[in-house]
Amino acid sequence: MNYYSLNKKAPNTSFKDAVIKGLAPDKGLYFPESITPLPQSFFDDIDNLSHTEIAFEAIKQFVTPEIPEAVLKTIVEETLSFDFPVVQFNKNISTLELFHGPTMAFKDVGARFMARCLGYFNKDNSEEVTILVATSGDTGGAVANGFLGVKGVNVVILYPSGKVSDIQEKQLTTLGQNIKALEVNGSFDDCQAMVKTAFLDEALTSKMQLTSANSINVARWLPQLFYFMFAYKQLHKKYKNIVFSVPSGNFGNICAGMMAQQLGLPITHFIASNNENNVVTRYLKSQNYQPQASVQTISNAMDVGDPSNFIRIQEIYKNNFDALKENLSSYSFSDETTKAAMLEIYEQFNYVADPHGAVGYLGCKAYLKNNKEAHGVFLETAHPTKFLDVVEDVIKEKQPLPAQIKAVMDKEKVATKISTYSDLKDFLLK
């Protein structure tokens, strides 16, 4: 499979080069040249397939032959070493839990898959690769854990100071080895802008091989389509009209769901559930796409004012606004409404949701008001104890810490503070 830049001003390239480069030379995101739907027999037989078998068939066309099928099967099996259960609330709403991996966030799958792909490509390479990644919360921990100790790979994570939870910060600043953390005086958008600038800085790229592990990287982004197939397998016998509500920040996850739909997965509709960073909600009302400075919320992984992956969504729909709007709804919710939803979920369903999941739940409810025949599945993207202060304040109940969280709580934070792109460049060159 070859990939092209969405800016259409760079040569097409291989999966390997797309993974290693992260971003095209013309600053564009890479997108696969073709999407071949899976045969109907795949979906007819999905109940008899394991998660590994489903994922292998779904991802195969995008990464072979550069990763041989036997190697890909091992990569997929190692990536999916935990469960993805659906919890049903009532006949209208379920949640898909994506927090059972090592860092208890949905990004574990993409990070683990990409780490193994890059490890395979780098196995005979004497040159080191530096992964530069911006995080609004969970990406940093997932990437740090996924790439820890990978041969020939250094990881540098930029995160906004004071804008990630204490546990998220611990997960990305305490591992050591080949993982370095930079605490940025600014927002996530500032971090992301620095990363994009670095990729295009020849003074850097002439001295080191830079790549990204944000969802701008195809190997981080594409494996997220697995989630939607796993949920479909668990629900399709009960419900024929399945819609997904995705807490959306950089829009990689919902875009991957749309790729699953392009592969033939029978999904009826998508809901982009936003916090007060609501660029896409406003776009679907006005047809005017206007990035804005991000604002800080309790669902911090969604605090993105200029979502990178939205251009991929527009490409899927051939930049046809009406076609996109037919398949995508979007709603925006305040922190206070989110807290009320967390309490409602706890009191009505005896379920503890994190703030991001609660935004997804609200998106489900908003859509179902006028679409009562649908079954809404909202994605629980992170374990609630990653947002302990907010969760315990809302539900007034002490929460036990899972083993994955306990393991980092007493470790010492190690991070370098920076304020400008010049600071980042100096750090990398040293």
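Residues numbered from 1 in each chain as written. Predicted model: local features only at pLDDT ≥ 70, side-chain atom pairs only at ≥ 80, totals over all residues. Heavy atoms only, no water.

The protein is annotated in an unreviewed UniProt entry as Threonine synthase of Hwangdonia lutea. As its UniProt record puts it under Pathway (unreviewed entry), the protein is described as follows: "Amino-acid biosynthesis; L-threonine biosynthesis; L-threonine from L-aspartate: step 5/5." (UniProt positions renumbered as here; feature names shortened; annotations may be inferred.)

A. Focus on the sheet that holds strand β12 (residues 328–332). Pairing in this open sheet of six strands is mixed, and the strands run β4-β5-β13-β10-β11-β12 from one edge to the other. Across the chains shown, the open sheet's two edge strands, defined by having one partner strand only, are β4 (86–88) and β12. Taking the axes of each pair of neighbouring strands and ignoring which way they run, one obtains an average angle of 25° across the sheet. As paired elements, strand β10 (residues 242–247) and strand β11 (residues 269–274) share five bridges and run parallel to each other. Across the sheet, residue V243 finds its bridge partner in β11, namely H269. Contacts between helix α13 (residues 279–286) and the sheet are confined to β11 and β12, with β12 contributing the most and set at about 125° to the helix. (Pairing = 2+ DSSP bridges. Helix = DSSP H or I, 4+ residues; strand = E, 2+ residues; numbered from the N terminus. Axes fitted to C-alpha atoms, helices over the stretch in contact; angles between N-to-C directions. Contact = heavy atoms within 4.5 Å.)

B. Fine view of the pairing of strand β7 (residues 153–160). Counting buried positions along β7 gives seven out of eight residues, so the element sits mostly inside the fold. Both strand β6 (residues 129–134) and β7 contribute to a ladder of six bridges, which runs parallel. Within β7, the position partnered with A134 by the bridge is L158. What joins β6 to β7 is helix α6 (residues 138–147), and the crossover it makes is right-handed. Here β7 runs beside strand β8 (residues 179–184); their pairing, made up of six bridges, is parallel. Paired with V156 across the bridge in β8 is K180. Running through helix α7 (residues 166–173), the crossover from β7 to the neighbouring parallel element β8 is right-handed. (Buried < 20%, exposed > 50% of the residue type's maximum accessible area, 1.4 Å probe, protein only. Right-handed = clockwise from strand over helix to strand, strands pointing away.)

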